[in-house]
Number of protein chains: 4
Amino acid sequence: MALTKEQRAEITAQRNTPQETSRPTVPAMEALLFEPLEVLDHGFIRVVDYMGDDSAIVQAARVSYGKGTKRVSEDAGLIRYLMRHRHSSPFEMCEIKFHVKLPLFVARQWIRHRMANVNEYSARYSVLDREFYMPDLTQVSTQSSTNNQGRGEALDASQAQEVLDILRRDAAQCYDDYEHMLLPENGGVARELARINLTLNMYTQWYWKIDLHNLMHFLALRAESHAQYEIRVYAEKMLEILKAWVPQTAAAFEEYRLGSYSFSASMLKVLRRLLAGESVTQETSHLTKREWAEMMAVLENKAL
Amino acid sequence: MALTKEQRAEITAQRNTPQETSRPTVPAMEALLFEPLEVLDHGFIRVVDYMGDDSAIVQAARVSYGKGTKRVSEDAGLIRYLMRHRHSSPFEMCEIKFHVKLPLFVARQWIRHRMANVNEYSARYSVLDREFYMPDLTQVSTQSSTNNQGRGEALDASQAQEVLDILRRDAAQCYDDYEHMLLPENGGVARELARINLTLNMYTQWYWKIDLHNLMHFLALRAESHAQYEIRVYAEKMLEILKAWVPQTAAAFEEYRLGSYSFSASMLKVLRRLLAGESVTQETSHLTKREWAEMMAVLENKAL
Amino acid sequence: MALTKEQRAEITAQRNTPQETSRPTVPAMEALLFEPLEVLDHGFIRVVDYMGDDSAIVQAARVSYGKGTKRVSEDAGLIRYLMRHRHSSPFEMCEIKFHVKLPLFVARQWIRHRMANVNEYSARYSVLDREFYMPDLTQVSTQSSTNNQGRGEALDASQAQEVLDILRRDAAQCYDDYEHMLLPENGGVARELARINLTLNMYTQWYWKIDLHNLMHFLALRAESHAQYEIRVYAEKMLEILKAWVPQTAAAFEEYRLGSYSFSASMLKVLRRLLAGESVTQETSHLTKREWAEMMAVLENKAL
Amino acid sequence: MALTKEQRAEITAQRNTPQETSRPTVPAMEALLFEPLEVLDHGFIRVVDYMGDDSAIVQAARVSYGKGTKRVSEDAGLIRYLMRHRHSSPFEMCEIKFHVKLPLFVARQWIRHRMANVNEYSARYSVLDREFYMPDLTQVSTQSSTNNQGRGEALDASQAQEVLDILRRDAAQCYDDYEHMLLPENGGVARELARINLTLNMYTQWYWKIDLHNLMHFLALRAESHAQYEIRVYAEKMLEILKAWVPQTAAAFEEYRLGSYSFSASMLKVLRRLLAGESVTQETSHLTKREWAEMMAVLENKAL
C-alpha cells in the first residue's frame, strides 16, 4: 500500500480536529483534504493544503481594476475574461500543496516545471522502500511510428508479458543488491552510493506546492495527449481536484485553454479562403502536411 | 483613511462567517486576519490569507528525511537546523498573502523582489485617490555623509517645514491637474496618460503573495538598518506578523540571520590573531577601514 | 540628448577594439552593438551584449533529441516546430542584454516581467537628470469608450496643447523643487527623500538582460495593440532587433505567435457550423458580443 | 570516450572559425571554449558560450550608482563591495552556458537549482548510450556515523570490489534488457517505457545556462564539503572555470562566501566573552554540541 501506517495515523489525526477559520474555505476541498487518491500501481496524490478559491481570484483582480470597473462583470464573467486575455497574476493568488508518490522517471519530467516548491524524500538520508512501477499489460506499447516521443499499439500479450517479466526481475534484482550493499556485514555502503543501483521505476515521494496559474500551465502540458501516459494520469487527477477547488476557473480553463486551438498566420489565411468557398488542398495551402492534417482534424472535430 | 467604506464592509463580512477547516490553522493569525495595520500616514498592511504553520515546515522536512531521522530532532530543533544550514525548501512550503497600501516610490523598491506574486491597482483602469505620503518632521533628514544611499541628521525645524510645504504643494498641484485633465470638459484625457503627471509619493495598493523563505529574504534586506526608512517600517510590521504566524521559525530567523554576522576569510584570520592574544590594528589587519570598523562594532556589540 | 558625454566616450572605446572570439557571432548584431536607438523624446534602447543565434537554438534542441531525429528536420523547420509546439527550453539558451532609458511610468509596467535581470539607476545614490517625457501632440488622446484601459481619439489641438502645457509646467516645478531641496543651503535633504517629489514622466535607465524565450513573451504582450503606446514603441524597436539577431526565430514567432489567433472551444463550434454552410449570428453563436466581434474581425482579416 | 565522433567534428568546426566581435571577450575563456574537461569516469563539462566579464559587472553596477559614486572605488574594490553586501543584481548581468555529461543521480540533485535553463537529452526521442558511472575503489565508502547524509571511511578492498561488481553487473543487465526490449523482433517497446528499466548511474547530458550570481550560489552549495562527492567534482571544475572567466569576482567569492563563516547571535555572544578573556565551555556557551564544535573548528582553523 502507498501510505505507511505512520502516515495513515497522521492523516487521521489531522482529520479529527477541524478548526474555525476566517480564510476562504471550499467544502469540496475539505472533503478531499489529506485523502490519498490512487494513481498507477503504488502512487497517489493527496491535497495537503490550499489557499484561496474562485472569489479570491476575483478579489485580487478587483484590486487591479479598482473602482472603475466594479460593476462591469459578474464574477464568472470576470474569471472568463482574465483567462481569455491571459491575465495571469490574479490566478497566481491561489496556491495548492500536494503530497505525491510517483516513479522516479515521472519525477524527472515533473521537476522540469520550475515555478513550484518541492521537498523530496532523500535517499541520502533514508532507505527507499521496495516499490517499483509495473505498467498494466495494456500500457506496454510499441514505439509510435508517427510520433518520435510517443507510444503506438499495444504489444501482443506474450511479448507484453515478457516485458513485464524483465522489468520486474531487473527491478527486484537491483533492489535486492541495494539492500545487500547497505547491510553492515557487507560493508554498509553509504546510502547515497547504494541508491545509484536502483532502477528508474522505483517510487519516490514529495511535497509539491504551486500557484494556480502555474498549475494550469502544468496541466495544459501534462494532461495533454502527447504527454507520457504515466505523468498524464497524475495530471488528470489534478484536473479533477481543480474542478472541486475552483469550478469557475476550471470551466474557463477548459473553454479557453484545453479546448482551444491556436491557428497560425498561415492557417488563418487558409481558413479565410475556405470560408469564402474556395476549395483548398494541402498542396495549395502552403501548410506542411502535418500542420494541414492537424488543422483539418480540428475543423472536423476529430482527435488529433 | 486608508480603507474605503466598501473595503471596510467587505472585511466585516469576511470576519463574520468563520468556517470549519482541517487545514493547519494559527489562532494568532486568525485574530490578525483582514485587519489593516497602519504604516506611515495613509498606508497599511493586512493579512488576507496564509497557508501552513511551524509544523507544516517540519512535516515537509520529514518527507525529505524520511524514516531515517524521524527521532533525531524535536520540531523546534529541526527548524533551527534547517535555518542554520540554509535548507530553504521546507520554508517554501508556507505561503502568506498581504493587501498593502504604500507610496509609489516604496512600491518601486519592493517590486524588485521577483519571487512573489503581485496584483497592483491599475491607474490605466481607475482613477487614483488623492492621497500622498508626507514624512514626519523627524524623518526629514540630510543626505548622509558616510552612506551614499542613506540619511544623516534631521534638518532643523524650519528647513524641514519648508521641505514638507514643498512636497505638499507640488503633490497637490500635480493631483489637481491630474483631475483637471481627466474631466470631459477639458478633453477627458486617457487615464493612462493623465497619471504620468503624478508624483512618486502618491499611494498605490496591491495584493502581494510570497512563500515564507522568500519573505524572510525580503525581511533580511528590508528590515535592516540600511534600508530606506519608508520600506523598513513595512518590513518591521511584517516581522511582527511573522512572529505571530510561525514563532519557532521567527526565533530561528533572528538567531541565525538577523542577529548573525558573516566574517570574511580575512576577518577570520584577524579573529584568530585576536584570540591568540595578539594586538591587531586596522593597519596590520589587512582589512579596509570600513571592514575593520564594522567588525569592531560587531565584536563590541555596537550598532553598525 | 539621451547619452552623456562620458557614456558616448565609453561606447566609442568599446567599438574601436573588436576582438576574436569562437563564440557564435551575428554580424547584423555587431553592427547594432552599443548604438542607442532612439525611442520617445529622450529615451533609447541599445544592445550591450548577446549570447547565441538561431543555430545555438538548434544545437541545444538537438541535445534533447539526440541521435534519433537528427535527419528529420532542417534548422528552420526545427525552429518552426519548436515554436509551434511551445517547446520553450531551446529558446532559453539565447540571451540578450540591453541598456534602456525610459520614463518611470513605463519602467513600472516593464518591471512586472519578473523573468529578467535588472540593474536600475538609483536615485538614492545619484541625482536624476532634468529629463521628462512629453508626448507628441498626436498622442494626447481621450479615454477610450470601449477599452477601459486604453486611449480613444486624439484631443483637439488646443485641448491637447493645454495638456502638454500642464505636464511640462508640473514636471518642471517638481524638478526645480527637487534640486532646491538638495542644495546644502536649503538643508541638503537626502536624495532618497527629495526624489519622492518627482513626477512619473521622469526618465530613468537600466540594464536589462533576458533570455530569448522570455523576450518573446514580453514582446507578445507589449508589442500588442492593447499595450500602452509608450511601452509599445520600445517593444517594436526590440522586435526589429530580434529580426537582426535570430531571423529564423523571428519569422516563426510572427507565424505562430504574433500573427496567430486562439479559437476557444465555443469559437471552434461556431467555425465548424460556418464551414458546414450554416448561417450563424452572434445570437445563435453562444459567444459574448465581444468574443463574436473579435472572431469576426479575425475571419475578415480586420484590425481588432 | 565521452564525446561522439560527430560532436568532436562539430567542436573542431567551431574552433576553426573565430570571428571578430565588439562584445566583452575573455582570452582565458576562448582557450577553454568547447573543450570538454573530464569529470568522473565518462562525464565532462565544457563551456559552450559566455556573456560578460568582470568589467561588465562593474559597468552594470555603475548604472545603478550613476554619477554620484563613479570615482569612489576602483573596479576590484567595487566587486568586493558588491559581493560583501550581497548586491546580487550586477552579478546577474553575466551568463554562462555549459554542455555537461553526468550520471542520472547527479542530474537529479543538480536540477533542483531552478534558476537556470536546461535542455536535456530525451530518452523518449533517442536511445541512451551504454555508459554508466562506476566509482573509484577509493570512493566506495560506508555510511557516515556522524552525518546522516554523507559518507564515512572507505570500505576494505574486497568489500569495495564486491560493491563495484554488483554495480557493474546490475547496470549491464538492465542495459542489456533495455536494448532487448527495444528490438523490433521482441515487440519494439516504446523508448519512453523501456528506459524505466535503467539504473540511476546511467549517463545523460544537457545544456545548462545560468547567470553568474546563481552559478556562485550553486557552487557555494555544491563545491562544499557536505555535497555528495559525485556532484562536488563538477562544482570544483566549474570553480576553476570561474577563476578563468571572472578572476576578480572569483577572488571576492572566496573571500566573502567560500572562506567566510556566519556566526549566529549566540555565537557572537560567546565570541565577545572569549575576547574579554573569559573561559567558555560548551556547557556554559548555550550552544548545542554541534554548533560549539563547528565554531571551535572555525576559530582553530580546522576543517569542519
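These figures come from a predicted structure and were not determined experimentally. (Residues numbered from 1 in each chain as written. Chains lettered and ligands numbered in written order. Predicted model: local features only at pLDDT ≥ 70, side-chain atom pairs only at ≥ 80, totals over all residues. Heavy atoms only, no water.)

Asks: Honestly, the UniProt feature "binding site: dUMP" (unreviewed entry) in chain A in this entry has me stumped. Any pointers?
Replies: Residues and elements named next belong to chain A. The positions UniProt marks with the feature "binding site: dUMP" (unreviewed entry) are Gln-109, Trp-110, Ile-111, Arg-112, Glu-120, Tyr-121, Ser-122, Ala-123, Arg-124, Arg-195 and Arg-222. For the residues just named, distributed over 114 residues, the greatest C-alpha separation reaches 29.2 Å, placing them at more than one site. As for its placement among the helices and strands, Glu-120 is situated in strand E5 (residues 117-120). Given a relative accessible area of 13%, Glu-120 falls into the buried group. With respect to the helices and strands, the residue Ser-122 is situated in the loop between E5 and strand E6 (141-143). On the basis of relative accessible area, Ser-122 is assigned to the buried category, the value being 16%. (UniProt positions renumbered as here; feature names shortened; annotations may be inferred. Helix = DSSP H or I, 4+ residues; strand = E, 2+ residues; numbered from the N terminus. Buried < 20%, exposed > 50% of the residue type's maximum accessible area, 1.4 Å probe, protein only.)

Asks: What should I look at first to understand the sheet that holds strand E8 (residues 203-211) of chain C in this one?
Replies: The strands making up a sheet are joined through hydrogen bonds of the backbone, oriented either antiparallel or parallel. All names here are of chain C. Within the open sheet, the 5 strands sit side by side as E2-E3-E4-E8-E5. Their pairing is antiparallel. Each end of this open sheet is capped by a strand with a single partner; those strands are strand E2 (37-39) and strand E5 (117-120). Neighbouring strand axes in the sheet, compared pairwise and without regard to direction, differ in orientation by 25° on average. Of the strands in this sheet, strand E4 (95-103) and E8 are in contact with helix H8 (residues 212-222), which crosses E8 at around 125°. Sheet strands touched by helix H9 (residues 229-245): E2, strand E3 (43-51), E4 and E8. Its angle to E4, the strand with the most contacts, is close to 155°. (Pairing = 2+ DSSP bridges. Axes fitted to C-alpha atoms, helices over the stretch in contact; angles between N-to-C directions. Contact = heavy atoms within 4.5 Å.)

Asks: Explain the environment of Gln228(A) here, please?
Replies: Mapped onto the fold, Gln228(A) is located in the loop between helix H8 (212-222) and helix H9 (229-245). When the C-alpha atoms of Gln228(A) and Gly150(A) are compared, they prove to be 7.0 Å apart, with 78 residues separating the residues in sequence. Other than its neighbours up to four places away in sequence, Gln228(A) contacts Phe105(A), Gln109(A), Arg151(A), Arg124(D), Glu192(D), Leu193(D) and Arg195(D). Among the polar contacts made by the side chain of Gln228(A), one reaches the main-chain carbonyl oxygen of Glu192(D) at a distance of 3.1 Å. (Polar contact = N/O pair within 3.5 Å; in protein donor to acceptor, adjacent residues only side chain to side chain.)

Asks: It is not clear to me how the interface of chain C and chain A should be interpreted in this structure. Could you clarify?
Replies: When the parts come together, some accessible area is lost, and that loss is often what is quoted as the size of the interface. In this complex, chain C contributes 33 residues to the contact, which on the side of chain A involves 33 residues. Buried surface at the junction of chain C and chain A, both sides included, amounts to about 2900 Å², of which 48% is carbon and sulfur. On inspection of chain C and its partner chain A, the count reaches 6 salt bridges. For the salt bridge of Glu291(A) with Arg84(C), the shortest nitrogen-to-oxygen distance reads 3.3 Å. Where chain C packs against chain A, one counts 18 residue pairs in polar contact (both at pLDDT 80 or more). The set of elements that each furnish at least two residues to the side of chain C that touches chain A consists of helix H4 (75-84), helix H10 (247-258), strand E9 (261-263), helix H11 (265-275) and helix H13 (289-299) of chain C. Here the residues of the side of chain C that touches chain A sort into 12 nonpolar, 10 polar and 11 charged. (Buried area = accessible area lost by both parts, 1.4 Å probe. Salt bridge = Lys/Arg side-chain N within 4 Å of Asp/Glu carboxyl O. Nonpolar A, V, L, I, M, F, W, Y, C, P; charged D, E, K, R; others polar.)

Asks: I keep staring at the relation of the copies chain C and chain A and nothing clicks. Help me out?
Replies: The relation between the two copies of this chain is a rotation about an axis and a shift parallel to it. Least-squares fitting of chain C to chain A yields an RMSD of 0.0 Å, with the transformation described by 0.0 Å of translation along the axis and a rotation of 180°. In symmetry terms, the pair is related by a two-fold rotation axis. The position closest to the rotation axis in chain C is occupied by the C-alpha of Ser262(C), lying 2.0 Å away. A shared binding surface is used by both copies, with 100% of the interface residues of chain C retained as interface residues in chain A. (Least-squares fit on C-alpha atoms with pLDDT ≥ 70 in both.)

Asks: Sorry if this is basic, but what is going on with the domain arrangement of chain A here?
Replies: Domain boundaries assigned for chain A yield domain 1 (5-132 + 203-258), domain 2 (134-200) and domain 3 (265-299). Taking the mean C-alpha position of each, domain 1 of chain A and domain 3 of chain A sit 37 Å from one another. (Domains from an automatic or database assignment.)

Asks: I tried to follow the packing of aromatic side chains on my own but got confused; where do I start?
Replies: Aromatic ring pairs: the centre-centre distance and the angle between the two ring planes describe each pair. Under the definition given, this model contains 38 aromatic pairs over all chains. Consider the rings of Phe263(A) and Phe263(C), whose centres lie 4.8 Å apart with planes at 65°: the pair is edge-to-face. One end of the pair, Phe263(A), is in strand E9 (residues 261-263); the other, Phe263(C), is in strand E9, on a second chain. The class of Phe263(A) is buried, set by a relative accessible area of 0%. Ring centres 5.0 Å apart and planes at 55° place the aromatic pair Trp208(B) and Phe218(B) in the tilted group. Taken together, the positions of Trp208(B) in strand E8 (residues 203-211) and Phe218(B) in helix H8 (residues 212-222) put the pair 10 residues apart, joining distant regions of the chain. Each member of the pair Trp208(B) and Phe218(B) is classed as buried. Three or more aromatic residues joined by ring pairs form one cluster here, namely Phe98(A), Trp110(A), Trp206(A), Trp208(A), Phe218(A) and Tyr234(A). One Lys or Arg, Arg23(B), reaches over the ring of Tyr50(A) and ends 4.1 Å from the middle of that ring. (Phe/Tyr/Trp six-rings, centres within 6.5 Å; stacked < 30°, edge-to-face > 60°. Lys NZ or Arg CZ within 6 Å of the ring centre and 35° of its normal.)

Asks: Hey, could you run me through the sheet that holds strand E3 (residues 43-51) of chain B in this one?
Replies: All names here are of chain B. In space, the 5 strands of this open sheet follow the order E2-E3-E4-E8-E5, with antiparallel pairing throughout. If you trace the sheet from one side to the other, it starts and ends with strand E2 (37-39) and strand E5 (117-120), each paired once. The sheet shows a mean angle of 25° between the axes of neighbouring strands, taken without regard to direction. Pairing analysis gives 7 bridges linking E3 to strand E4 (residues 95-103), with the strands arranged antiparallel. Of the residues in E4, the one forming a bridge with Phe-44 is Lys-101.

Asks: In this structure, what is going on with the pattern of salt bridges? I would like to understand it.
Replies: Side chains bearing opposite charge may pair, as long as their charged atoms lie close to each other. Per the counting criterion, the structure on display carries 79 salt bridges over all chains. The salt bridge involving Glu92(B) is made with Arg114(D); its shortest N-O contact spans 3.0 Å. Residue Glu92(B) is located in the loop between helix H4 (75-84) and E4, and its partner Arg114(D) is located in the loop between helix H5 (104-110) and strand E5 (117-120); the two belong to separate chains. For Arg114(D), a relative accessible area of 24% gives the class partly exposed. Between Glu179(B) and Arg130(B) there is a salt bridge; the shortest N-O distance is 4.0 Å. Here Glu179(B), found in helix H6 (residues 157-182), pairs with Arg130(B), found in the loop between E5 and strand E6 (141-143); they are 49 residues apart in sequence, far enough to count as distant.

Asks: Would you mind going over the side chain of Lys97(A) with me for this structure?
Replies: The topology assignment puts Lys97(A) in strand E4 (residues 95-103). Among buried Asp, Glu, Lys and Arg side chains, Lys97(A) stands out as unpaired, with Asp49(A) the closest opposite charge at 4.7 Å. A polar contact of 2.9 Å, which involves the side chain of Lys97(A), links it to the backbone oxygen of Met93(B). Beyond its immediate sequence surroundings of up to four residues, Lys97(A) is in contact with Arg46(A), Val47(A), Val48(A), Asp49(A), Tyr207(A), Trp208(A), Lys209(A), Met51(B), Ala56(B) and Met93(B). (Lys, Arg positive; Asp, Glu negative; His and termini not counted.)

Asks: Where do I start with the interface of chain D and chain A in this structure?
Replies: The partner chain A presents 59 residues to the 60 residues of chain D that form the contact. Summing the contributions of chain D and of chain A, the shared interface buries around 5400 Å²; its carbon and sulfur component is 51%. Considering only the side of chain D, the residues that lose the most area to chain A are Arg108(D), Arg124(D) and Ile196(D), jointly responsible for 13% of the buried surface there. Between chain D and chain A we count 6 salt bridges in total. The residue Asp177(D) makes a salt bridge to Arg169(A) at a minimum N-O spacing of 2.7 Å. Inspection of the chain D/chain A interface yields 40 residue pairs in polar contact (both at pLDDT 80 or more). Of all elements in the fold, only H5, E5, strand E6 (141-143), helix H6 (157-182), helix H7 (191-194) and helix H9 (229-245) of chain D reach the threshold of two or more residues within the side of chain D that touches chain A. Ranked by residues supplied to the side of chain D that touches chain A, first place goes to H6(D) with 12 residues.

Asks: What is the right way to read the pairing of strand E3 (residues 43-51) of chain D from this model?
Replies: Here is the key point about a regular strand: its side chains alternate between the two faces of the sheet. Residues and elements named next belong to chain D. The buried fraction of E3 is high, at 9 of 9 residues. Where strand E2 (residues 37-39) lies against E3, 3 bridges are found, and the strand directions are antiparallel. In the strand pairing of E3, Glu-38 is matched with Phe-44. The antiparallel pairing of E2 with E3 creates a hairpin that spans 3 residues between the two strands, and Leu-40 there sits at a positive phi of about 55°.

Asks: I keep staring at the UniProt feature "binding site: FAD" (unreviewed entry) in chain A and nothing clicks. Help me out?
Replies: Residue and element names in this part refer to chain A. With numbering aligned to this structure, UniProt lists the feature "binding site: FAD" (unreviewed entry) at Ser-89, Arg-112, His-113, Arg-114, Glu-120, Asp-211, Leu-212, His-213 and His-217. Spatially, the listed residues are scattered: they cover 129 residues, and their C-alpha atoms lie as much as 27.6 Å apart. For His-113, the location among the structural elements is in the loop between helix H5 (104-110) and E5. Take His-113: its relative accessible area is 14%, and that puts it in the buried class. The residues contacting His-113, other than those within four sequence positions of it, are Phe-218, Leu-221 and Arg-222. By the secondary structure assignment, His-213 is in helix H8. Overall, the relative accessible area of 24% leaves His-213 in the partly exposed class.

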